[in-house]
Every structure is written in structure tokens, then in C-alpha cells.
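One-letter residues, chain by chain:
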Amino acid sequence: MSSATIVAIANQKGGVGKSTTAINLGAGLAFQGERVLIVDLDPQGNTSSGLGIDRSTIEMSTYDVLVDDAAVSDVLEPTSVQGLHVLPATIELAGAEIELVSMFSREQRLKKSLKEIGDDYDFVLIDCPPSLGLLTINGLAAADEVLIPIQCEYYALEGVSQLTRNIELVTGNLNPQLKVEGVVLTMFDGRTTLAADVVEQVRSHFGDTAYRTVIPRTVRLSEAPSYGEPIEAYDDMSRGAIAYRELSREFRRRHGRT
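Heads up: these notes are all about the structure in this document. From a predicted model like this one, the values you see are computed outputs, not experimental measurements. (Residues numbered from 1 in each chain as written. Predicted model: local features only at pLDDT ≥ 70, side-chain atom pairs only at ≥ 80, totals over all residues. Heavy atoms only, no water.)

1. Description of the overall build of the protein chain
Phase 1: Looking only at helices and strands, the protein chain features 12 helices and eight strands.
Phase 2: Relative to its length of 258 residues, the protein chain is compact, with a C-alpha radius of gyration of 17 Å against a globular reference of 18 Å.
Phase 3: Counting 23 positive and 36 negative side-chain charges, the protein chain places the centres of these two groups 6 Å from one another. (Helix = DSSP H or I, 4+ residues; strand = E, 2+ residues; numbered from the N terminus. Rg over C-alpha atoms; globule rule 2.2 N^0.38 Å. Lys, Arg positive; Asp, Glu negative; His and termini not counted. Charge placed at Lys NZ, Arg CZ, Asp CG, Glu CD.)

2. Some thoughts on the pairing of strand S2 (residues 36-40)
Phase 1: With five of five residues buried, S2 is to be regarded as a mostly interior element.
Phase 2: Here S2 shows no split at all, with Val36, Ile38 and Asp40 on one side and Leu37 and Val39 on the other all buried.
Phase 3: By the bridge criterion, four bridges tie S2 to strand S4 (residues 84-87) in an arrangement that is parallel. Within the sheet, the bridge partner assigned to Val36 lies in S4 and is Leu84. (Buried < 20%, exposed > 50% of the residue type's maximum accessible area, 1.4 Å probe, protein only. Pairing = 2+ DSSP bridges.)

3. A look at the sheet that holds strand S1 (residues 5-9)
Phase 1: Read across the sheet, eight strands follow the order S3-S4-S2-S5-S1-S6-S7-S8 without closing on themselves; strand pairing throughout is mixed. Of all strands in the sheet, those bounded by a partner on one side alone are strand S3 (77-78) and strand S8 (210-216).
Phase 2: Looking at chain direction, S3 and S4 are connected through two bridges and run antiparallel. Directly across from Pro78, in S4, lies its bridge partner His85.
Phase 3: Strands in contact with helix H1 (residues 18-31) are S1, S2, S4, strand S5 (123-127), strand S6 (145-151) and strand S7 (179-188); relative to S5, the strand with the most contacts, it is inclined by about 165°.
Phase 4: Against the sheet, helix H9 (residues 193-206) engages S6, S7 and S8, with an angle of about 175° to S7. (Contact = heavy atoms within 4.5 Å. Axes fitted to C-alpha atoms, helices over the stretch in contact; angles between N-to-C directions.)

4. Notes on the packing of H1 against helix H12 (residues 239-254)
Phase 1: The geometry of H1 relative to H12 is characterised by a closest axis approach of 8 Å and an angle of 70° between their N-to-C directions. Classified by the interaxial angle, the pair formed by H1 and H12 is roughly perpendicular. For H1 against H12, the interelement crossing comes out right-handed. The segment H1 lies against H12, with Thr20, Thr21, Asn24, Leu25, Gly28 and Leu29 engaging Tyr244, Leu247, Ser248, Phe251 and Arg252.
Phase 2: Along the lines of polarity and charge, the residues of the contact of H1 with H12 split into five nonpolar, five polar and one charged. (Parallel < 35°, antiparallel > 145°, perpendicular 65-115°, else oblique. Left-handed = near helix turned anticlockwise from the far one by under 90°. Nonpolar A, V, L, I, M, F, W, Y, C, P; charged D, E, K, R; others polar.)

5. Observations concerning the environment of Phe123
Phase 1: Note on placement: Phe123 falls in strand S5.
Phase 2: Under the relative-accessibility criterion, Phe123 is labelled buried at 0%.
Phase 3: Note: C-alpha distance between Phe123 and Arg35 (88 residues apart in sequence) is 6.5 Å.

6. Points about the pattern of salt bridges
Phase 1: Here the structure, examined in full by the defined rule, presents 16 salt bridges.
Phase 2: A salt bridge links Arg106 to Glu107; the shortest N-O distance between them is 3.4 Å.
Phase 3: Judged by relative accessible area, which is 28%, Arg106 ranks as partly exposed.
Phase 4: One salt bridge connects Glu145 with Lys179, and the closest N-O pair in it is separated by 3.5 Å. Of the two residues, Glu145 sits in strand S6 while Lys179 sits in strand S7, which places them 34 residues apart along the sequence.
Phase 5: Judged by relative accessible area, Glu145 falls into the buried class, the value being 6%.
Phase 6: Look at the salt bridges and you will find they share partners, linking Glu34, Arg35, Asp122, Arg252 and Arg257 into a network. (Salt bridge = Lys/Arg side-chain N within 4 Å of Asp/Glu carboxyl O.)

7. Digging into the packing of aromatic side chains
Phase 1: Taken as a whole and judged by the stated rule, the model has three aromatic pairs.
Phase 2: Aromatic pair Tyr227 and Tyr234: ring centres 5.0 Å apart, planes at 25°, arrangement stacked.
Phase 3: The ring of Tyr211 carries Arg254 above its face, with NZ or CZ at 3.6 Å from the centroid. (Phe/Tyr/Trp six-rings, centres within 6.5 Å; stacked < 30°, edge-to-face > 60°. Lys NZ or Arg CZ within 6 Å of the ring centre and 35° of its normal.)

Shape descriptors only; they carry no functional weight alone.
In C-alpha cells form, the structure reads like this:
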């Protein structure tokens, strides 16, 4: 593969498993031999800390790339997983929304920055914040594809139509090749009929775009980030690890990597 496939992980609803999916899909791909960069575009920086990055010690972050034109290669950090790097975020990034407003070509700044490292990775995963501001638009403008995590809960599809409309706007105005690559059902609780209903609803709405692999709601998955490890490293036999391993295999198959 000559240049990386760039995937924005987006849903403006918070708490749907975006960061968990970025971390564990990224790690799953790296464990299967892919070279992966995760771009943390969320000022909360959960993906960075979930990969063991101590945000109090990093000197440069995604903010410097977007606002000050810092080179991605100068900012990225290695993780404990071989082949997996992260472009970390700090709370400074919250100010980027405002600072970007007056900048030239403000929606395309991430895209421009990622061009220099395109050949160094197989996949770049962009963890977008739970909003539809300029940070998320930068993520969508830079991406080839969008992956949408949807929580198996009431009102799961609420907000997805809004996100789909925004993706269409980005496609129409900034990034014509952008497409929704997939929808991942997260936080599935097999004990409730509601979760099963949501799975059915999402599958009928999205068809083959919805991944077959469903991510369960588990204690181990929610514990792993506090140890700064992906679930595969934290507890590789847990249900969450098995699910994300299967998701990364399914993701690779969809991208013609066997």
C-alpha cells in the first residue's frame, strides 16, 4: 500500500465508545502487522492517556500540528504496542476551535499535515471529538472513510442522521471521496431485549455497512484505559479483547488485507 488509508472515527454523541474503538481497533491492526497512527483530535485526550501517554509531560500535541504547522513526525509518540503510534492531544486543543476560525484553509489543515507521513503507515485512525466543530470537520476533510460507533442504547440512531448530513456537506464541499465505511455497534448488553432491538434497527438502517462484530459492554474494557493499555495487552482472553480482535480482522478483510 503506497499511502495510508485514513479513517475518521466520528459520532457527535459522547460516550459511544469512540476512543475505546480508536485504541483497540488501532492496537488490533498493529498486532496483526499493520503500521498504524492514531490521531487524537479530542481535547479530552482519552485516546492518548488510554495508550499510556502521560499528557503532562508531552511537549507538543495535535494542537501544534493544526495551529502552528508543526510536523507530524516531530509530534507523534510511540506506544507500548509495536507498530502503533499516537499523535497525542492535550486540553490546549480546545482553544484550536477558536484559533482555526480565522486561518486560511482552516478545514484542510490536518489533511495537509498528514500528507508528509502518508507512506509511513498503512492506516491512520482519527479520533474525532463528540461535536461537529472545526476539529471534527478537519478530521472528516482529511479522511478517506468514516467509521461510526453506535451505542446499543435507547436513541442510538438519534444524532446519526445529523452526522450523516454533515458527512454529506463535507463530501459536497471539501472532500468528495469521503464515504461511510462502517458502523460498529458498541456497549452491547446481551441481557436486555433493548440491545438486541437496537442491533436489528441499525442493521436494517445501514445494511452491509454495519459490522458483523458487536462490541460487548464489559468491565475489563472500561478498566484497561486506566492502565494505559489496549484491551489486547491488558487481558487478551476477555470478551472485549476477543471482540476487538475480530473487529480488526473484519476491518482488514474489508480493506483487502488478508
